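What follows is the residue order along each chain.
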2 protein chains.
Amino acid sequence: MPEEPSPPGTVRPGGRTARTRAAALRAAEDALIETGFDALDLADIARRADIGKTTVYRRWGTPAALVADLLLDMAEQSLPRTETGTLDGDLRANARLVHKTLTDPRSGALFKAVVTAAAGHPATATALHRFYATRITEWAPCVEQATARGEVPEGTDPAEVIRAVSAPLYYRFLVSGDPLDAASAERAAAAAAAAARAGAYVTRVG
Amino acid sequence: MPEEPSPPGTVRPGGRTARTRAAALRAAEDALIETGFDALDLADIARRADIGKTTVYRRWGTPAALVADLLLDMAEQSLPRTETGTLDGDLRANARLVHKTLTDPRSGALFKAVVTAAAGHPATATALHRFYATRITEWAPCVEQATARGEVPEGTDPAEVIRAVSAPLYYRFLVSGDPLDAASAERAAAAAAAAARAGAYVTRVG
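Starting from 1, residues in each chain are numbered consecutively following that chain's sequence as written. Chain letters and ligand numbers both follow the written order, the letters beginning at A and the numbers at 1. This being a predicted model, a pLDDT of at least 70 is required before a residue's local features are given, and a value of 80 or more before pairs of side-chain atoms are given or counted; all residues contribute to the totals for chains, interfaces and linings. The side-chain numbers reported here are obtained from all heavy atoms of the structure, hydrogens and water having been left aside.

Between the two copies of this chain, the relationship is a rotation about some axis together with a displacement along it. For the pair chain A and chain B, the best superposition has an RMSD of 0.0 Å and corresponds to a rotation of 180° with a translation of 0.0 Å parallel to the axis. Such a combination of rotation and displacement between the chain copies is what one expects of a two-fold axis. By the convention used here, residues are in contact when the closest approach between their heavy atoms is within 4.5 Å. Taken as a fraction of all interface residues of chain A, those also at the interface in chain B reach 100%, which identifies the copy contact as same-surface. When the copies are superposed, the least-squares fit takes in the C-alpha atoms of residues with a pLDDT of at least 70 in both.

Written out as C-alpha cells, the structure is:
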C-alpha cells in the first residue's frame, strides 16, 4: 500500500524534510564554529549539507533564521539535569556543565557565534532566549526541591538561582575575559547557593 | 616663540591629532549605536567626523582597531566610584550604574556592539577586557574597605565581588533576555553582598 502523501512542506519525523533540516543545521553549526556568524552564507551551507541551494533559501531565507532554527533544535535536544540530593551538589553539576560548554573549543565557538548573531537579529535573539528558558525550566526543580527540604527560604525564585550560576561564567566568557578555570565554576555554584540560602532570590512573599 | 615640533604621529594633548581622534571616536560611537558593528565602515566614519579618509585608514586601518581605540578612550574617561560607607550601599550604587548603562538606549546599543565586535576580533577583545579591568580596579576598594570593617571575611577577592554584581545584568542583557528591571539590579547587588558575607569569594587563605 502506498504511503499517505504529506501536505507540502511537511513530512513526518524522520522523513526527507527532517533529514534535510538535520543536514542543514549540522552544516550551519560547523560553519558557525569555523568562521563565526558574520561569514555565514546560505549557498555555503547548501554545499556543506549537500542539499539544493533553492531548498535552503526557500526554507530559511536568511542566515539569522537558520541560526534561530538551530537554537530551536539545540533546545529540543538539550540534556536532562543532574540530581545529587543537595542544592550545592545540583548547582555544582549545573556550573560544571555550563563551564564545559563554554570552554570546549567547538561548543564555545558555537555559543559565541549565536550570542553575536542574537545581538543583531531580533528573531535570533528570541530563539536564543527560548533556548535558555528551556534550560532554566529543566534545572529549576533542583531549587524547588531545596526549598521543600528547607535548604533555602520559601519564595526563592528557582529561575533566578539557576541564572545566577550561569551568569558569572558567561560574563567571563563574553565580557570581562577573566579566566574560565574550574575554580570559577565551583565559585559560581557556591556563590549562588550562599546567596539563595541568605534569601537573596526570594521574589514571592509567602 | 614657535611651538616645539612634535614627533610624527604624536601631538601634545589637545592638539590636532587629539582632536582628530576625538572626532573619529565620537563618529565611531554614533555609527555603532545606529547600525552596530557589522555595518561599521571607515569611509563613513571619515565623512561623519569630517576628517580625511586617508587619515582614518592610516591611523586605525580596520573597524575593529577603531573600536579597540574607542574602548581605550572609554576606560580613560570612566567615572569614579560611589562611596556610601557600607558594602550593600556601594554594591547597590555599582549595580544601578551598570543597569543604567545597559538600559539606556544609546549606551546599551554601544555595549552590545562592542561585545559583538570583541567576539570576532582578538585585539578588540583585549581592549574590551582592559576596559572592564579598569572599572573593576576603580570599584575594588569598596570590598577592601568592607573587609577592613569586618563586613566580609579576610581574603575576600574584591574583583570577584565586583564582577558578581555585573554578571547577572550582562547575562540578562546579552544571553537570556530576561527583563533588565530595577529589581534585577537591586537583586544583583544584594546577592553579591550576601555571597561575599558567606565567604563565597574568599580566594586567599589569610
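Read on for the rest.
The subject of this paragraph is the interface of chain A and chain B. Tallying the contact residues gives 30 residues for chain A and 30 residues for chain B. Buried area: the accessible surface (1.4 Å probe) lost by two parts on joining, summed over both. For the pair chain A and chain B, the two sides together bury roughly 2,700 Å², of which 65% comes from carbon and sulfur. Looking at the side of chain A facing chain B, the largest losses of area belong to Y171, V175 and R187 of chain A, adding up to 23% of the total buried there. By salt bridge we mean one thing: a side-chain nitrogen of Lys or Arg within 4 Å of a carboxyl oxygen of Asp or Glu. Here chain A is connected to chain B by 6 salt bridges. Among the salt bridges present, the one from R187 of chain A reaches E160 of chain B, with a minimum N-O distance of 2.6 Å. Each polar contact in these results corresponds to two N or O atoms within 3.5 Å; when the atoms are within protein, one needs to be able to donate a hydrogen and the other to accept it, and residues that are neighboring in sequence are counted only if both atoms are side-chain atoms. Here chain A and chain B share 6 residue pairs in polar contact (both at pLDDT 80 or more) between them. Secondary structure is summarised from DSSP: a helix means a run of H or I of at least four residues, a strand means a run of E of at least two, and numbering begins at the N terminus for each. Elements with a contribution of two residues or more to the side of chain A that touches chain B: α6 (105-120), α7 (122-139), α9 (158-176) and α10 (182-197) of chain A. Tallied by class, the residues present in the side of chain A that touches chain B amount to 17 nonpolar, 6 polar and 7 charged. Classes in brief: Ala, Val, Leu, Ile, Met, Phe, Trp, Tyr, Cys and Pro nonpolar; Asp, Glu, Lys and Arg charged; the others, Gly included, polar.

A word on helix α8 (residues 141-148) of chain A. Residue and element names in this part refer to chain A. Here α8 has its buried residues at C142, V143, A146 and T147. Across the axial projection of α8, the buried residues extend over an arc of 140°, all falling on one side. Of the residues one or two after α8, G150 is the one with positive phi, at around 80°. Whether a residue is buried, partly exposed or exposed follows from its accessible area with a 1.4 Å probe, protein chains only, as a fraction of its type maximum: under 20%, in between, or over 50%, in that order. What the arc describes is the spread of directions from the helix axis to the C-beta atoms.

Further remarks concern the UniProt feature "domain: HTH tetR-type" (unreviewed entry) in chain A. UniProt positions are given in the numbering used here, feature names are shortened, and annotations may be inferred rather than shown by experiment. With numbering matched to this structure, UniProt assigns "domain: HTH tetR-type" (unreviewed entry) to residues 18-78 of chain A. Regarding residues 18-78 of chain A, the helix share stands at 77% and the strand share at 0%, and the terminal C-alpha atoms are separated by 18 Å.

Residues and elements named next belong to chain A. Domain start and stop positions are those given by an automatic or database domain assignment. Under the domain assignment, chain A is made up of domain 1 (15-63) and domain 2 (78-197). Taken over C-alpha atoms, the centre of domain 1 sits 29 Å from the centre of domain 2. Opposite the 7 residues of domain 1 that make contact, domain 2 presents 7 residues. Area buried by domain 1 at its contact with domain 2 is led by L32, I33 and F37, which between them contribute 77% of it. Remark: the boundary between domain 1 and domain 2 carries 2 salt bridges. Put simply, E29 and R106 hold a salt bridge, and the shortest N to O gap is 3.9 Å.

Before going further, it helps to spend a moment on the nonpolar core. We call a set of buried Ala, Val, Leu, Ile, Met, Phe, Trp, Tyr and Cys residues a nonpolar core when their side-chain atoms join them within 4.5 Å. Formed by 141 residues in total, the largest nonpolar core has its most connected members in L32, L91 and Y170 of chain A together with L32, L87, L91 and Y170 of chain B. Beyond its immediate stretch of four places on either side in the chain, Y170 of chain B contacts Y171 and V175 of chain A together with V98, L102, F111, Y132 and V175 of chain B.

Residue and element names in this part refer to chain B. Summarising the element assignment, H99 is placed in helix α5 (residues 87-103). A residue is classified by how much of its surface remains accessible, and H99, at 15% relative accessible area, is buried. H99 has contacts with L169, L180, D181, A182, S184 and A185, leaving out every residue within four places of it along the chain.

Our next topic: the environment of R187 of chain B. Tracing the backbone shows R187 of chain B in helix α10 (residues 182-197). Owing to a relative accessible area of 17%, R187 of chain B belongs among the buried residues under this scheme. For the pair R187 of chain B and R92 of chain B, spaced 95 residues apart in sequence, the C-alpha separation works out to 8.8 Å. Polar contacts involving the side chain of R187 of chain B include one to the side chain of E160 of chain A, which spans 2.6 Å.

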